[in-house]
Amino acid sequence: MKLLEINNLRTKVGDKEILKGLNLNINKGEIHVIMGPNGAGKSTLANTILHNPEYEILEGSILLDGEDISKLNTDEIARKGIFMSFQSPEEIPGISVMNFIKYAKSKITGETPNYFEFREEVTNNMKELDFKESYISRNMNVGFSGGEKKKNEILQMLTLKPKLAILDETDSGLDVDAIRTVAKGIKMFANSENAVLIITHGTKILQGLDVDYVHVLIDGKIVQTGTSKLANMIEEKGYDIFRQ
Amino acid sequence: MKKTIVKEVNTNIYDFKNEDEYEYKIEKGLTKDTVLEISRQKDDPEWMRDIRLNALKVYNELSLPTWGPDLKELNMDEIATYVKPKSGKASTWEDVPDNIKDTFERLGIPEAEREALAGVGAQYDSEVVYHSMRMELMAQGVIYTDMETAVRDYPDIVKEYFMKAVPVNDHKFAALHTAVWSGGSFVYVPKGIQVEMPLQSYFRLNSPESGQFEHTLIIVDEGASLHFIEGCSAPKYSKINLHAGCVELYVKKGAYLRYSTIENWSKNMMNLNTKKAIVEEGGTMEWVSGSFGSHISMLYPMSILNGKGAKTEFTGISFAGATQNLDNGFKAVLNAPNTSAVVNSKSISKNGGKCTYRSLVKATPNATNSKASVSCESLMLDDISVSDTIPVNDIETPDIEFSHEAKIGKISDKTIFYLMSRGISEKDALALIVRGFAYPISKELPLEYAVEMNNLIGLELEGSIG
């Protein structure tokens, strides 16, 4: 069944129109990849789905489980089950990683999780992500390296358990090992009840993942959809062949 | 992005009034007769009466400060400087009249006393109505009593230390304080005695158009240690009230004193308070200060490091909302070798509130091999609020490590978006950021005060302490 359905989406940032009639359907149990050159609108798509107020929807609809979410506030969309991993996660002084994730979890589920069980879940996920356990009591992202911030995003994805996880260039700026860890996290997360939308430049993050669809986004529109082979072709030949 | 409303600091929990009942309320205004009448009411010894009369002269000679917030709303002719409550001095809460006892119950004082304090003093308007300390401290020779009792029972100590750290002519309100002082606490901790649990004095001003002028004098003798907590609040009235207290702290050789304050005066209060500590060789003076209330506050605690290796630390936060002008800061004088001063100050302003951090670091030529570091950070929650930093550094020795860091910031829309993408509402996101900003200060406060501070900021972060 359709989890996310985007119809004829047009958005602008400032005076500039970025998405120019984008359509996308994502079903439960699927992993989708969006690739495209800089400025094509990849991050705009992620930010628009989460209703970042800097991005204005001109036309079109975004449905989650059949319900139009395009007018909801970001926090409501998150509580409906959409998660976004940020390109540049924010630093929040004065609150620890553990307390932050626990707080977010309580907001999303509406109940405070049992501290000890929850802490165990978080530390287990940290182990899987090769993320030093001592970071659990450090201030949220403060003084973290780029790789650690991204691991923290994946940790939140695993622990908050959204229906749809959008990864906005989570692999950019990471070394090979860190990319592998992120891919491992995605693999741990993905199941038949949720879906993943990976926005990326590269193909390394896709290795070992069971990708269902690869979409090519150029100038605000999806111009081609295919299997993971399409990603390999892009890696080889670039985007020029898709430009008309 | 649309603008967010953060809760106004909720001082309403302190805003309950009792009838303005009193045993005696002096006529408004300040004359020689009022000072003499206060002295008569308090049954002062002659030497104290002379100190008061001299201070009145000094008060009349001094002018208002030419810097800082405008004090024109303060009219001494409209202030009653002495209000004697309908209560004696009790050593059990049963003996405190019900309406006054209820006031302190609502402020949580007796409860804190049972659970976490070694002694409590409670002042209502101009007089201390309750004072008590645990027996074992009494047996160790610790003295904790109201200032009037100290004048009567320990005149030699009071003569030696009263208005010595703060000279009468320090500024106009120090002189005013000296002329009309009433109530406050006197603490003496003998050599080598470690007071494990804190002592706490709470000051409540109930009477409208009046002033509170309590005097706190603490002497921590050689090698001894103490944590002293001071709290204050008042219900809100439409006319100006005045608080001009004075705190004098003496930290002897190798002694340790921590002085924590949470100030929640109502928004018709002029808080013109003076606090000074003199620290001797190897002594440590720590200040923890939360300033939330008052219409205008001018408060600059000061540590004078007179002995080799003396240390001081100041950790403070101010939160100014609409109609508030909080001009706070800290002064450190390094006047001996190997001394150190560490200042960590934060301020938050919103709804047109103004916070100014005004500081002095003075290092005399004696302060060789010393260190001073000042860090102040301000957060403005909207475009109409104001934040300012006015540091004065007067360094007279090259042999000192000195650093000063100031940051003024606003909350970025990106941070709010990030938090909202985690299911956190805009209001909660803002609260989380503000609380996180204040956390390095709130964690230094005694637990019940840290909780109070979080309530004050209106944060509803479940389970995020610790």
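Quick caveat, the model's predicted, so the values are computed rather than measured.

### Things to note about the overall build of chain B
Alright, step 1. Summing up its helical and strand segments, chain B has eleven helices and 24 strands in all.
Alright, step 2. Dimensions of chain B, computed from the C-alpha atoms along their principal axes, are close to 65 × 55 × 45 Å.
Alright, step 3. Of all 466 residues assigned to chain B, the portion counted as buried reaches 57%.
Alright, step 4. A fraction of 83% describes how many contacts in chain B between residues 6 or more apart in sequence connect residues 24 or more apart.

### A short note on the nonpolar core
Alright, step 1. Val220(B) and Leu257(B) are the most contacted members of the largest nonpolar core, which totals 114 residues.
Alright, step 2. Residues within four places of Val220(B) in sequence aside, it is in contact with Val189(B), Ser225(B), Leu226(B), Tyr250(B), Val251(B), Lys252(B), Ala255(B) and Leu257(B).

### A look at the interface of chain B and chain A
When the parts of a complex come together, some accessible area is lost, and that lost area is often used as the size of the interface.
Alright, step 1. Between chain B and chain A, the contact holds 22 residues from the first and 24 residues from the second.
Alright, step 2. Of all the secondary structure elements, the ones that give two or more residues to the side of chain B that touches chain A are α9 (413–420) and α10 (426–442) of chain B.
Alright, step 3. Of the residues forming the side of chain B that touches chain A, the biggest block, seven residues, is contributed by α10(B).
Alright, step 4. Its residues assigned to classes, the side of chain B that touches chain A shows ten nonpolar, seven polar and five charged.

### Some details on the domain arrangement of chain A
Residues and elements named next belong to chain A.
Alright, step 1. Taken domain by domain, chain A consists of domain 1 (1–80 + 207–216 + 228–244) and domain 2 (83–162).
Alright, step 2. Centre-to-centre, using C-alpha coordinates, domain 1 lies 25 Å away from domain 2.
Alright, step 3. Facing the five residues of domain 1 at the interface are five residues of domain 2.
Alright, step 4. In the side of domain 1 that touches domain 2, the residues fall into three nonpolar, one polar and one charged.

### A short note on the pairing of strand β7 (residues 92–96) of chain A
Working note: regular strand, side chains alternate between the two faces of the sheet.
Residues and elements named next belong to chain A.
Alright, step 1. Of all five residues that make up β7, four are buried, and the element is covered over most of its length.
Alright, step 2. Here β7 pairs with strand β8 (residues 139–140) via two bridges, running antiparallel. Note that in β8 the partner of Ile92 across the bridge is Met140.

### Some details on the sheet that holds strand β9 (residues 164–168) of chain A
All names here are of chain A.
Alright, step 1. Taken in spatial order, the six strands make up an open sheet running β6-β9-β10-β3-β11-β12, and their pairing is mixed. Every interior strand has two partners, whereas the edge strands, β6 (82–85) and β12 (221–226), have only one. Here the strands of the sheet are splayed against their neighbours by 20° on average, with no regard to which way each runs.
Alright, step 2. Bridge count between strand β11 (residues 213–218) and β12: five bridges; the pairing is antiparallel. If you follow Leu217 over to β12, its bridge partner there is Ile222.
Alright, step 3. Together, β6 and β9 form the strand contacts of helix α5 (residues 146–160), whose direction differs from that of β6 by roughly 165°.
Alright, step 4. Lying over the sheet, helix α7 (residues 228–237) contacts β3 (31–35), β11 and β12, oriented at roughly 45° with respect to β11.

### Observations regarding the pairing of strand β3 (residues 119–124) of chain B
Residues and elements named next belong to chain B.
Alright, step 1. The element β3 is largely enclosed, with a buried count of six among its six residues.
Alright, step 2. Burial along β3 is two-sided: Gly119, Gly121 and Gln123 facing one way and Val120, Ala122 and Tyr124 facing the other are all buried.
Alright, step 3. Examined bridge by bridge, β3 and strand β7 (residues 199–204) share six bridges and lie parallel to one another. Across the sheet, the residue bridging to Gln123 is Phe203, located in β7.
Alright, step 4. In this sheet, strand β4 (residues 127–133) lies alongside β3 in antiparallel orientation, the contact comprising six bridges. The residue of β4 that forms the bridge with Tyr124 is Glu127.
Alright, step 5. In textbook terms, the turn of a hairpin is the stretch between consecutive antiparallel strands, and for β3 and β4 this stretch comprises two residues, one of which, Asp125, has a positive phi near 55°.

### As for the sheet that holds strand β13 (residues 256–264) of chain B
All names here are of chain B.
Alright, step 1. An order of β4-β3-β7-β10-β13-β15-β18-β20-β22-β24 is seen for the ten strands of this open sheet, with the pairing classed as mixed. The sheet is open, and its two edges are formed by β4 and β24 (400–410), each paired on a single side. Taking the axes of each pair of neighbouring strands and ignoring which way they run, one obtains an average angle of 5° across the sheet.

### Some points on the packing of helix α3 (residues 97–109) of chain A against α5(A)
Residues and elements named next belong to chain A.
Alright, step 1. Where α3 contacts α5, the two axes come as close as 10 Å, and the packing angle between them is 40°. Remark: the crossing between α3 and α5 carries right-handed chirality. Every residue of α5 that contacts α3 at Val97, Ile101, Ala104, Lys105 and Ile108 is listed here: Asn152, Gln156, Thr159 and Leu160.
Alright, step 2. Looking at the contact of α3 with α5 residue by residue, the class counts come to five nonpolar, three polar and one charged.

### Side note on the environment of Val214(A)
Alright, step 1. Turning to its location among the elements, Val214(A) is positioned in strand β11.
Alright, step 2. Look at Val214(A) and you get buried, because 25 C-beta atoms sit within 10 Å.

### Side note on helix α4 (residues 109–116) of chain B
Every α-helix carries 3.6 residues per turn, so stepping three or four residues along brings you back to the same face.
Residues and elements named next belong to chain B.
Alright, step 1. All buried positions along α4 are accounted for by Ile109, Ala112 and Glu113. Each buried residue of α4 sits inside an arc of 105° when the element is viewed along its axis, so together they form one side. Residues of α4 that are exposed and angled more than 90 degrees away from the buried face: Arg114 and Glu115.

### Side note on the environment of Ala224(B)
All names here are of chain B.
Alright, step 1. Summarising the element assignment, Ala224 is placed in the loop between β9 (215–220) and β10 (225–233).
Alright, step 2. A residue is classified by how many C-beta atoms lie within 10 Å of it, and Ala224, with 23 of them, is buried.
Alright, step 3. Each C-alpha atom of the pair Ala224 and Asn351 lies 45 Å from the other, and the pair is 127 residues apart in sequence.
Alright, step 4. Sequence-distant contacts of Ala224, that is, excluding residues within four places in its chain, are made with Val189, Pro190, Lys191, Gly192, Ile193, Gln194 and Ala255.

### Some thoughts on the confidence of the model for chain B
All names here are of chain B.
Alright, step 1. In the predicted model, chain B carries a mean pLDDT of 90, and the fraction of residues at 70 or more is 95%.
Alright, step 2. The model gives residues 1–9 a pLDDT under 50, and that stretch makes 21 contacts with residues more than four places away or in other chains.
Alright, step 3. Taken as a whole, residues 459–466 scores under 50 in pLDDT and shows 16 contacts with residues more than four places along the chain or in a different chain.
Alright, step 4. The ipTM for the predicted assembly is 0.97, set against a pTM of 0.86.

What counts, and at which threshold
- Residues numbered from 1 in each chain as written.
- Chains lettered and ligands numbered in written order.
- Predicted model: local features only at pLDDT ≥ 70, side-chain atom pairs only at ≥ 80, totals over all residues.
- Helix = DSSP H or I, 4+ residues; strand = E, 2+ residues; numbered from the N terminus.
- Buried ≥ 20, exposed ≤ 12 C-beta atoms within 10 Å, placed from the backbone.
- Contact = placed C-beta atoms within 7 Å.
- Core = buried A, V, L, I, M, F, W, Y, C linked by C-beta atoms within 7 Å.
- Nonpolar A, V, L, I, M, F, W, Y, C, P; charged D, E, K, R; others polar.
- Domains from an automatic or database assignment.
- Pairing = 2+ DSSP bridges.
- Axes fitted to C-alpha atoms, helices over the stretch in contact; angles between N-to-C directions.
- Left-handed = near helix turned anticlockwise from the far one by under 90°.
- Arc of directions from axis to C-beta.
- pLDDT = per-residue confidence, 0-100.

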